[in-house]
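Geometric and topological summary
Chain by chain, the residues:
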Amino acid sequence: MKEFDPVAYEKMVKSYHDQDRPTDWFDSIYTDAEGDHEAVFWADLEPSPYLLKWLKNNPLQCAGRKAIIIGCGVGDDAEALSEAGYEVTAFDISPEAIRLCRNRYPASKVDYLVADLFDYPSPWSENFDLVYECNTIQVLPGKYRIQARDAMISLLATQGHILVSCRSRLTGEQEDDIPLPLDRKEIDGFVQRSLKEESFEAYDDTQDPPVPHFFAVYKKYL
Ligand SMILES: C[S@@+](CC[C@H](N)C(=O)[O-])C[C@H]1O[C@@H](n2cnc3c(N)ncnc32)[C@H](O)[C@@H]1O
């Protein structure tokens, strides 16, 4: 199994960005784990506590609500949404990530599949009551971040929620850091047309040193 080398990782990611191939490296992170989901360096191996808190405060009122997870990684957040009662579609551009999810949760109710946010199946459009993204915009560069945001919005049904969980930075700082954290102005790009901000939290995670994050919730009114 390959040892994680942060300097080599950053160099590799930047080289894909320079070649305008921003999604071609994700599968290598999962194949390097050689079938062991615990060896995926960015996987927390537990659901986001902020997602769990939101689910607790917003229990489902009826069955049949649909959620979609963008870039689901090794599946912890998808399983949490399924446990909360959603019918969950969880996708990732990495075939190996999806293989790890299916092996990890053989009896799961979640529909795990390989798909690209930038070219998702057309029946998904405006089809989901909850769209959840954790740490995916931040691994994309430049124009792809705006495309990703707009694609997420396009998945959302009327009255649905988008939950965005990501690393954050102060405007003017850490502009070239990998991953590329979002500043307040960028995440505020979700507030558009019929989408309104419902809640917004800025917090430091529990790493040493702590890493600043945002957890934001938007609702589509029309
Ligand atoms: C930093 S990882 C986060 C994974 C997971 N959400 C988590 O929090 O552990 C970003 C994920 O997004 C996926 N991804 C990146 N671009 C994508 C795209 N265009 N469509 C679908 N998945 C994508 C990557 O393969 C990767 O699994």
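**A few points about the overall build of the protein chain**
Summing up its helical and strand segments, the protein chain has seven helices and seven strands in all. Mapped from its N terminus to its C terminus, the protein chain presents α and β elements in the order α-α-α-β-α-β-α-β-β-α-β-α-β-β. For a compact globule of 222 residues, the expected C-alpha radius of gyration is about 17 Å, and the protein chain comes in at 17 Å, within 12% of that figure. Considering only C-alpha atoms, the protein chain reaches an extent of 45 × 45 × 35 Å along its principal axes. Taken over 222 residues, the protein chain has a buried fraction of 35%. For the protein chain, restricting intrachain contacts to residue pairs at least 6 apart in sequence, the fraction spanning at least 24 positions comes to 63%.

**Overview of the pairing of strand β3 (residues 111–114)**
Pairing geometry for strand β2 (residues 87–92) and β3, over four bridges, is parallel. Within β3, the position partnered with A90 by the bridge is Y112. Between the parallel pair β2 and β3, the chain is carried across by helix α5 (residues 95–104), and the sense of this crossover is right-handed.

**Section: the sheet that holds strand β5 (residues 156–167)**
The mixed open sheet is built from seven strands, whose spatial order is β3-β2-β1-β4-β5-β7-β6. The sheet is open, and its two borders are formed by β3 and β6 (195–204), each paired with just one other strand. Direction aside, the axes of adjacent strands within the sheet are offset by 15 degrees on average. With nine bridges joining them, β6 and strand β7 (residues 212–220) adopt antiparallel strand pairing. When the bridges of β7 are listed, D204 appears paired with P212. Strands β1 (66–70), β4 (128–134), β5 and β6 of the sheet are contacted by helix α6 (residues 142–154), whose axis makes an angle of about 145 degrees with β5.

**Things to note about helix α4 (residues 76–83)**
With seven of eight residues buried, α4 is to be regarded as a mostly interior element. For α4, every residue scored as buried is listed here: D76, D77, A78, E79, A80, L81 and S82. Immediately downstream of α4, the backbone of G85 shows phi near 110 degrees, a positive value.

**Structural notes on the site of the ligand**
Lining the immediate environment of the ligand, one finds 19 residues, of which F26, G71, G73, I93 and L117 sit closest. Of the residues belonging to the shell around the ligand, the class tally is 11 nonpolar, six polar and two charged.

**A closer look at unusual backbone geometry**
The residue after I178, namely P179, is reached through a cis peptide bond having omega -5 degrees. Assignment of secondary structure puts P179 in the loop between β5 and α7 (184–187). Unlike most non-glycine residues, E34 shows phi in positive territory, near 50 degrees. Inspection of the secondary structure assignment puts E34 in the loop between α2 (26–31) and α3 (49–57). Looking at E34, the number of C-beta atoms within 10 Å reads 10, which means it is exposed.

**Points about the nonpolar core**
Grouped together as the largest cluster of nonpolar side chains are 53 residues, with contacts concentrated most on A67, I69, L81, A90, V131 and Y132. Sequence-distant contacts of A67, defined by excluding residues within four places in its chain, comprise L81, Y86, V88, F128, D129, L130 and Y132.

**Section: the environment of C134**
Turning to its location among the elements, C134 is positioned in strand β4. With 27 residues separating them in the primary sequence, C134 and H161 have C-alpha atoms 14 Å apart. Once you skip the residues sitting within four places of it in the chain, C134 turns out to touch S48, D77 and S165.

Conventions used here
Residues numbered from 1 in each chain as written. Predicted model: local features only at pLDDT ≥ 70, side-chain atom pairs only at ≥ 80, totals over all residues. Helix = DSSP H or I, 4+ residues; strand = E, 2+ residues; numbered from the N terminus. Rg over C-alpha atoms; globule rule 2.2 N^0.38 Å. Buried ≥ 20, exposed ≤ 12 C-beta atoms within 10 Å, placed from the backbone. Contact = placed C-beta atoms within 7 Å. Pairing = 2+ DSSP bridges. Right-handed = clockwise from strand over helix to strand, strands pointing away. Axes fitted to C-alpha atoms, helices over the stretch in contact; angles between N-to-C directions. Near = placed C-beta within 6 Å. Nonpolar A, V, L, I, M, F, W, Y, C, P; charged D, E, K, R; others polar. Core = buried A, V, L, I, M, F, W, Y, C linked by C-beta atoms within 7 Å.

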